[in-house]
Structure formats: C-alpha cells, structure tokens
Amino acid sequence: MKAVRFPTDRSSERTANGWHTLEAEEIRRRTDSPPAGLSADEAAKRLRASGPNVIHESPGLTFPQILLHQFESPFIWLLMGSAALAIALSEFEDAAFIGVVLALNAALGSAQEFRAERGARRLKRLMSSKAVVERDGKPLRIDAREIVPGDLIRVESGDVVPADARIVSSWSLAADESLMTGESIATSKDAAWLGTGGEPLGDIRNMIFAGTTVARGRATAIVVATGSATQIGGIAESLEQERSGVPPLVQRMRRFARSVALAVAAVAAVIAAYELAFRGSSLRAAVQFAVALVISAVPEGLPIALTIALAIGTMRMSRRNVIVRRLAAVEALGSCTLVATDKTGTLTCNELTVKHILVTDDGGKNALWNVSGEGYDLTGTVTDENGRLRNEDAALRRIVRAGVLCNEAELTPDSEGGMQRHGDAVDLALLVLGRKMGGIDTSIETATLLHRIAYEPELRFAATWHALPENETVLLCVKGSPKRVLEMCEMQPDARARHQATADSLAARGFRVIALADRRIPGRWGAGTLPDSPAHLEYLGAVGMIDPPRPGVREAIRRCRGAGVRVVMVTGDHAKTAQAIAADLGLTDGAEAVVVTGDTFEIRMRDGHDAARLAKARVFARMSSTQKLELVRAFQAEGHFVAVTGDGANDAQALKAADLAIAMGRSGTDIARESADLVLTDDNFASIVAGVEEGRIAYDNIRKVIVLLVSTGAGELALVILAMLGGYPLPLLPLQLLWLNVATEAIQDEALAFEPSEDDVMRRAPRPPSEPIFDRLMIERIAVGAAVMGCVGFGLFVALVESGHPVESARNHLLLLMVLFENVHIGNCRSENASSLGISPLRNPLLVAGAALALGLHIMAMHTPWFQRVLHVEPVTPAMWCVAIGLALSILPAVELHKWYWRRRRDDRITG
C-alpha cells in the first residue's frame, strides 16, 4: 500500500486542512484512491492502520476514583484527624461515630457523581450507522465505523455524512451544516469549486463534513479524514484539553474550606498547648479539648447538606426542563452575569419559515401579506395588511402552487403524529406553506414532472416543467433570487425595478427572499423533448423566509434583563439576519444596535480595542467556533461569569471554556451535550430563565443552610472556649457535639433546603463571581446567633454546675437547650431580611416536620438505654423543659432585631 500523503496545513478549522484547495485528481493521487474504489483487502489494511471511524473518547472516572474524590475536602481531613486522635485515646465510640459521618458523606457524594459520570460517558453518535462506499467497483453498504481514508463514498438527500470527504462529482448537492457553522440555510456544494486556503468552514463548497446532513441532491466523494481526524473529531479532541470554568459555589466553598481548616488547626494546637503548659492538664484532657474544638468548629453536616441542597435544586430544575449534568452547576446559573447564546436552534426554531408573501396583482402592484405559524407546524393563515384572511385568494394560491411544484423536498407524516422531513430548508418551508393553504400540494399528484433544472449557486434559480392533463398544457415553474427571476420575466423596466426594490426592502429586514414565476406553454411534449431555458415568464411575487424565534424567548430575554443578566447572540449566520432576529426578540434597541462580525472582532482583538465595542454589542455574526471561544474568554476577562448556550459542534469549544455550559437536549449534538453542565430538554431558551430562578433559589437556600450550620457550630465553639477560659470542664463531649451537628441538625437543615422562592429573587442583580460566600450580612447573622447560643448556653451550664448539679447532668440539660435553639433558629434562617413571624409555616411543611422529627429524635435518645449510655443523656423534669424552651426563644428577638437593622440600612441606601 502506498503511503497516503496529507496536506501539512492543519492550522485551524478555517482551512479544512487544505483539502479544499486541491483538484480532484490530486486528491485521488494523495489518498491513492482508484476510480472504482478501494479493494476489500486494501480497505482492511487501511482500517488496521487508521483505526475505526469513531471519535476518540477519553476513559471516564472509575467508581474508586470518584470515591477518593469525596475525601479531598479540608473538612473531611479534619474529621479524619479527629477520628485518629479518638482512636489513639481509646475513644472508640467517638471514632466510630465520626467514621459513620465520613462514610455517609462519601456514599451520598459518590452515588450522585457516579450517576452524572455514567451519563456523561455516552458514546458520541454523530456519524451515520451505515454508509455506501465503492469497493471493488461495486456499491456496498457498510458500517460507517469501517470507512477509511481513500474510500469512495456515495451520499444522497437525507444521509448523514460519515466522514470528511472531497466531492468528485455531484448533482444539485446541498448540505445542512448548521451543527458546524450555525447557519440554518443549507450550503450548496460544487465539485469544481476550488478554495484559496483562507475560507471559513461554511464557505467551503467542494467538501462535505462528518456529522452534517445532505439536504438535497447526491454526490460521490473521496474520504480524506475519519474519526478524530475529521473537523468534528478535532473539536471533540480539543474539548479534552479545555478546562471548563469552576462554578462559583465551588470557588467560594474552596476558599471557605481552606480558611476554616487553617484557623481550626491553629486554634486547636494553641488550646492543646495551653492546656498542657499553663493548666497542667493531662495529654488526654488536652487532646479531648482540641478534638471537641475541631468537632464544634467544623460543620460536619455541611458537605452532606450542600449535596442535598444541590440535589433538590437539580430536581426542581428537571421539572422546568433543565437537566443538571454537574451538581455544582445548579447555583452557577443563578450567578451568571452574561448569557452568550447561539441563534440557530436556541433562540430560533432552526426551521426556516415563510412569514411574508409579496403578491403581485393584475395591475403589477405588490401587496405584502403575513403568514402565521412557525417552523414545521402545518397550521397557519395568510392575512393582508388589514388583517383580513386571504387563504382563498387566486393570486396567492398561484404563487404558493409554484413554490410547491418547483420543489425537491418531502414532508410526510410519521407514526408518532409528527412529520418526516427530507430536503432543503427553503423547499421545506414552501411545502409547509402549501399545507397551510390547504390542498395546494395535491397539485403534485395531477401535475406530472417532465423536466427539472436543480438550483445551483451559479444559476441562482431552479425550474420544473409539469404536464397538466386537464387542458393539455405544460406548466413551467421557477424560483430563485429576485434579480435572476425578474430577468426572465416579461415586464417593463420600471416595473422590474419596482419589484426588485420591494424584494430588497424585505431582504434588508433579514429575510431570505425567494421570487416565484410561472408560464403556461400550450400543447404536449413529445418523447425526448428538451425545453428551452426559462424565459417570457409571468412574475407572481416573492416570499420572505426566516428562521423564527422560539415562543417565549422574547419574555425570557426581558426577564433576564430584569434580573441583571446580559444576553448576547453569537451566531455564524449573516449580520442582517442576526440583527433582524435580535430586533424581533427585543435583544437590541437604538442604543445597542451594534453588530460585530467575526472579521471585525478579530481585528479589534488583535489591536486591543475590543472593550468598548464588546460593552455595547448584543449581536455577534459570522463567528467561527474559534472566534466564539475567543469571545467567551474576552467576556471572562472583563469580569463576567459567562454562560454559553448552543446545540451544535460549532458551539462545543465555547461551551467547554464557559463558566457554565448549556446545551440543547432535543436538537443538540452529543458533542455539545458532552461539553455542557446543563441540558435544556425542550431546547427552549426560555427555560434558561427558569433555571436562573431555580439557581438563585438554590443559592439562597444554601446560604440559609450555611447560616444555620455555622452559627450553631460557632455557638458550640463559643461554649468550648468560654469553658476553657473560665476553668470549667467541657460543657459538651465530642460525641454529644457530633450528635448535635449530624443527627438533630442535619434533619432540619435538609428541610431548610426545600424553602420556596422569595418574592424578590428575580429582581436582584447577579452576585459577583468574586464575592466571598461569607458577606457582611452572613457574618453578622452568624455572630448574632452564635453569641446568643454560646452565652446563654454557657450561662445555663455554669448555673447548673455552681448550683451543685453533676457535670453530666449539666451537659444533659445543655444538650437539650442546644437542640431547642436549633428548632427556633431554623425559623430565623428562612429569610435573610423578612421577619420569620410573617412567613407561614405552611409554605414549607417539611420544615415543620423536620424540626419536630429532630426534637422527637432527641427525646427518644433521652429515654433509650443505649443512647443514654453513649450520649450521657437522661429525661429532664417539666420545670427544666420550661426553662430550656424559654431560654431557646431568646434567639428569636435577637435575630429579628438584626433583620430590622438590615432592612433599614437597605431602605436608606435606596432612598439615599
């Protein structure tokens, strides 16, 4: 076998690896591809050499690796160290209890991450399962995995291209490359075209690319790249090297974890040294004090609580058509400051639709009529400028019939009640228009196709000749660019100029304008008759097509703005089309109507003058996938937390580099979904707003859980420190502290994670990504709660000890008080600003149930012998119950006063 020689230019997607600059014969020579195709033996050799035609996928994490990840948190390290100290001191029950906490956290975290990892490792199915190749001079249908460089493949309308290939012959070929380029219009192909080496992928006309779909026509092509060497394979490979952004919650928790770990370790060491050096305590007592400090200071339930809170956010998002692939991304959507969204298939339906018809009446005047309905929905009407129904208008039905007859697409019902679609997007749009009109497309059954001129870019028109049996007439139908069709029509120059100007005005609004004309030719054709080129036509009018916005997107963009989230469109489509869609969606206004093209963006990035332009622009058009990636990084450099949406492989690099990646679930490619943190199951941009809301709710609830956990832990820490400074015994033993933090408190903080939305959640600005998780409000709230719990609890402990109660009895009463403090404080934590007295318990019945269950669990422990022995607890008298309840309620007015203070500060800032 000869060595297959490849072009050396592999610089980027913009050059398609140089194959498009070579003549077909040179391609045959370099790939050693015979005209009759490879032999079976040669194909087998090349398959062994090049490998199967599949995109490489890196191996996923194994379950042991995922399990080890659960022990990377500094919290976990501190707990493991505490367990080791407990074992060294022969406190095996304490060590076992800590071990249970560690095991529970690892099990919950591993299970969730393993499910996400397993879902993320689906095989990429971007290539067709079968393909037709020439082998030994005969067409053979084989598994697409067996295609090799140098194979001669055949493709036709509806086929998914199995590999990158150079076209050697074609007939009316066009490919839907929207997943690569973002353009909704099929790209016409031409085997004779040659590139210069600088063309964007969407402008290359002599090649077809793996994963794209043949919209119309057929072709024979030589395979030049398979598997990971294809354009789409190169994108997939680059994704393995890109590092996705870390969600803000993870960033903040890492900072918090490092800070707490360092502080607790330092303080514990100081306390142990103090006990040994200045108080003459035994090593056992000093270590016990240090372990108690660690357990009280470290919120052991926080990793579990965060996992549960995020899982609840995941569940809520799934109900609103947002699937979470990475758990920490739940909150990230609520923190994003900018959404960079693809146009085709995200903001729009990716279904070209006729929205306007320019109907020419008998007097030669144009009337602009409107067509309702979007995409391939077959319901819709045609109304004139006054809103009157015009479906039965004779001139209208004539222009629609011409569009249906001069057509190569197929639109047939499927078994599930939907529509099977094959063909070019323009032809499909004309067929849908015919269905809306009712009965128009039945003309195909009575009109016999005699001859066809397929659309080619050089011709700029398509034509069909049909026999009409009812009056022995041949009907010639033509569609194409307005200028070309008008040249073939009989009319005065001023009339032609008027029609052209009307069509141009529609095109200037971003519509794709297709002109239609016909001519009746008397008589029948004889066998073998070839028609003359279309001429002497009667101009019927034109249709204006556009890929329409998805329902609900306008409102979604408005709500994003209200929530302080900037939305920009990033598309590979033309600037006028992008600007028209953006204006229709309300994405731009007079002050923001700046459209930046890919070439302009590159120049400004190179010259360093991009900042002002980026700040104003809302629309970026003719952007390649590399430019999208650079744009995302530019926004990130400005300080934005960037969410990127997309559905195609052309979006995948930007998705991977974004702080938050959002892919389409229905129309999106596997490669886009593999790059995503979130997947929209309904492909609707409007679902992003629901995700933003749920993300903010999740973050609010996480803050509430943190306040509850940390303030309780800080209160326990205050108890330990006050006892040490006052020379008293430990007020609570390490195992009692764990009971508080993991058993009774965990039940309640999980219920707190189910809190519904607060009224102002979508009226706030996004939180800056750099904002620490502990802002001033949270620090003060934690301090107030901890001060009340620590001081009141220590006062009760001292009073009991000084009045003659045994230390174990004092600890028992203090433990009950701390459980009651949690019951009351959980109500305080339901809102950062609103009074807890004004929030109905019925808004979150789980919270009431959780508080009751936590208290009931502790009462059960107080009356159960085994728990009495392990936890050193016992029942208390009714009088002490009253005392404990009264003291626990003291935290309510303290926090209410702090809330009032913050509300007043907020109001002063607004009025000031």
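Parameters and conventions
- Residues numbered from 1 in each chain as written.
- Predicted model: local features only at pLDDT ≥ 70, side-chain atom pairs only at ≥ 80, totals over all residues.
- Heavy atoms only, no water.
- Helix = DSSP H or I, 4+ residues; strand = E, 2+ residues; numbered from the N terminus.
- Contact = heavy atoms within 4.5 Å.
- Areas by Shrake-Rupley, 256 points an atom, 1.4 Å probe, with all protein chains shown as cover.
- Pairing = 2+ DSSP bridges.
- Axes fitted to C-alpha atoms, helices over the stretch in contact; angles between N-to-C directions.
- pLDDT = per-residue confidence, 0-100.
- Salt bridge = Lys/Arg side-chain N within 4 Å of Asp/Glu carboxyl O.
- Buried < 20%, exposed > 50% of the residue type's maximum accessible area, 1.4 Å probe, protein only.
- Phe/Tyr/Trp six-rings, centres within 6.5 Å; stacked < 30°, edge-to-face > 60°.
- Arc of directions from axis to C-beta.
- Parallel < 35°, antiparallel > 145°, perpendicular 65-115°, else oblique.
- Left-handed = near helix turned anticlockwise from the far one by under 90°.
- Nonpolar A, V, L, I, M, F, W, Y, C, P; charged D, E, K, R; others polar.

This part covers the overall build of the protein. Tallying secondary structure elements over the protein gives 32 helices and 25 strands in all. Sequence separation of 24 or more characterises 72% of the internal contacts of the protein that already satisfy a separation of 6 or more. On the protein, roughly 36,800 Å² of surface is accessible, and the fraction owed to carbon and sulfur atoms is 57%.

Strands in a sheet are paired, the pairing made by backbone hydrogen bonds, and the direction either parallel or antiparallel. Across the sheet, 8 strands lie side by side as E8-E25-E24-E23-E9-E20-E22-E21; this open sheet has mixed pairing. The open sheet is flanked by strand E8 (322-324) and strand E21 (595-597), the only strands paired with a single partner. This sheet shows a mean twist of 20 degrees between the axes of neighbouring strands, independent of strand direction. Across 3 bridges, strand E24 (residues 660-664) lies against strand E25 (residues 678-680) in parallel orientation. Note that in E25 the partner of Met664 across the bridge is Leu680. Packed onto the sheet, helix H19 (residues 575-585) meets strand E20 (566-570), E21 and strand E22 (619-621) and runs at close to 155 degrees relative to E22.

Counting all residues, the mean pLDDT for the protein is 81, and 83% of those residues have values of 70 or more. By mean pLDDT, the top-scoring element of the protein is helix H31 (residues 878-888) (96), and the lowest-scoring one is helix H21 (residues 611-616) (61). Per-residue pLDDT stays below 50 along residues 119-128; that stretch engages in 35 contacts with residues further than four places along the chain or on separate chains. Residue range residues 241-245 is modelled with pLDDT below 50. Its contacts to residues more than four positions away, or to other chains, number 11 contacts.

Another point: the sheet that holds strand E11 (residues 366-371). Read from one edge to the other, the open sheet built from 8 strands follows the order E12-E11-E10-E19-E18-E17-E16-E15, with strand pairing classed as antiparallel. Either end of the sheet is taken by a strand with one partner, and the two such strands are strand E12 (382-383) and strand E15 (448-453). Strand direction decides the pairing type here: strand E16 (residues 461-468) and strand E17 (residues 473-480), joined by 8 bridges, are antiparallel. When the sheet's bridge partners are listed, Leu468 is paired in E17 with Thr473.

Under the criterion given, the structure shown has 30 salt bridges. Two residues, Glu694 and Arg320, come together in a salt bridge whose shortest N-O distance is 3.0 Å. Taken together, the residues Glu694 in helix H25 (residues 686-726) and Arg320 in the loop between helix H10 (302-319) and E8 connect sequence positions 374 residues apart. Judged by its relative accessible area of 29%, Arg320 falls in the partly exposed class.

Here we come to unusual backbone geometry. Here Asp32, not a glycine, exhibits a phi torsion of approximately 55 degrees, which is positive. Within the chain, Arg460 stands out as a residue other than glycine whose phi angle is a positive 65 degrees. Mapped onto the fold, Arg460 is located in the loop between E15 and E16.

Enumeration over the complete set of coordinates arrives at 4 aromatic pairs. Their ring planes at 85 degrees and their centres at 5.9 Å tell us that Tyr728 and Phe794 sit as a pair that is edge-to-face. Here the residue Tyr728 occupies a position in the loop between H25 and helix H26 (734-752), and Phe794 occupies one in helix H27 (residues 776-802), the gap between them amounting to 66 residues. No difference in accessibility class separates Tyr728 from Phe794, as the two residues are buried. Ring centres of Trp739 and Phe867 lie 5.5 Å apart, and the angle between their planes is 55 degrees; this geometry places the pair in the tilted category. Note that Trp739 is positioned in helix H26 and Phe867 in helix H30 (residues 865-871), a separation of 128 residues in sequence.

Relative to strand E2 (residues 138-143), strand E1 (residues 130-135) runs antiparallel, the two sharing 6 bridges. Looking across to E2, one finds that Glu134 is bridged to Pro139. Between E1 and E2, which pair antiparallel and follow one another directly, the connecting turn spans 2 residues, one of which, Asp136, has a positive phi of 55 degrees. With 3 bridges connecting them, E1 and strand E3 (residues 152-156) associate as antiparallel partners. Across the sheet, residue Glu134 finds its bridge partner in E3, namely Leu152.

Glancing now at helix H1 (residues 24-31). Listed in full, the buried residues belonging to H1 are Ala24, Ile27, Arg28 and Thr31. Across the axial projection of H1, the buried residues extend over an arc of 100 degrees, all falling on one side. The first or second residue beyond H1 is Asp32, which carries a positive phi of 55 degrees.

Here we take up the packing of helix H18 (residues 553-562) against H25. Where H18 contacts H25, the axes come no closer than 8 Å and their chain directions differ by 30 degrees. On the basis of the axis angle, H18 is roughly parallel to H25. Here the hand of the crossing between H18 and H25 comes out left-handed. Together, Ala556, Arg559 and Cys560 of H18 and Ala686, Val689 and Glu693 of H25 make up the contact between the two elements. The residue inventory of the contact of H18 with H25, partitioned by class, reads 4 nonpolar, no polar and 2 charged.

Taken N-terminus to C-terminus, the directions of H25 and helix H28 (residues 807-828) make an angle of 150 degrees; their axes are 11 Å apart at the nearest point. With respect to their mutual orientation, H25 and H28 come out roughly antiparallel. Note on packing geometry: the crossing formed by H25 with H28 is right-handed. Of the residues in H28, those touching H25 at Val707, Leu708, Ser711, Thr712, Glu716 and Leu719 are Leu814, Met818, Glu822, His825 and Ile826. Among the residues forming the contact of H25 with H28, the class breakdown is 6 nonpolar, 3 polar and 2 charged.

By the secondary structure assignment, Ile357 is in strand E10 (residues 353-360). Judged by its relative accessible area of 0%, Ile357 is buried. Sequence separation between Ile357 and Ala515 is 158 residues; the distance between their C-alpha atoms is 9.7 Å. In contact with Ile357, other than residues within four places in its own chain, are Ala367, Leu368, Trp369, Val371, Val382, Leu396, Ile399, Leu433, Ala542 and Val543.

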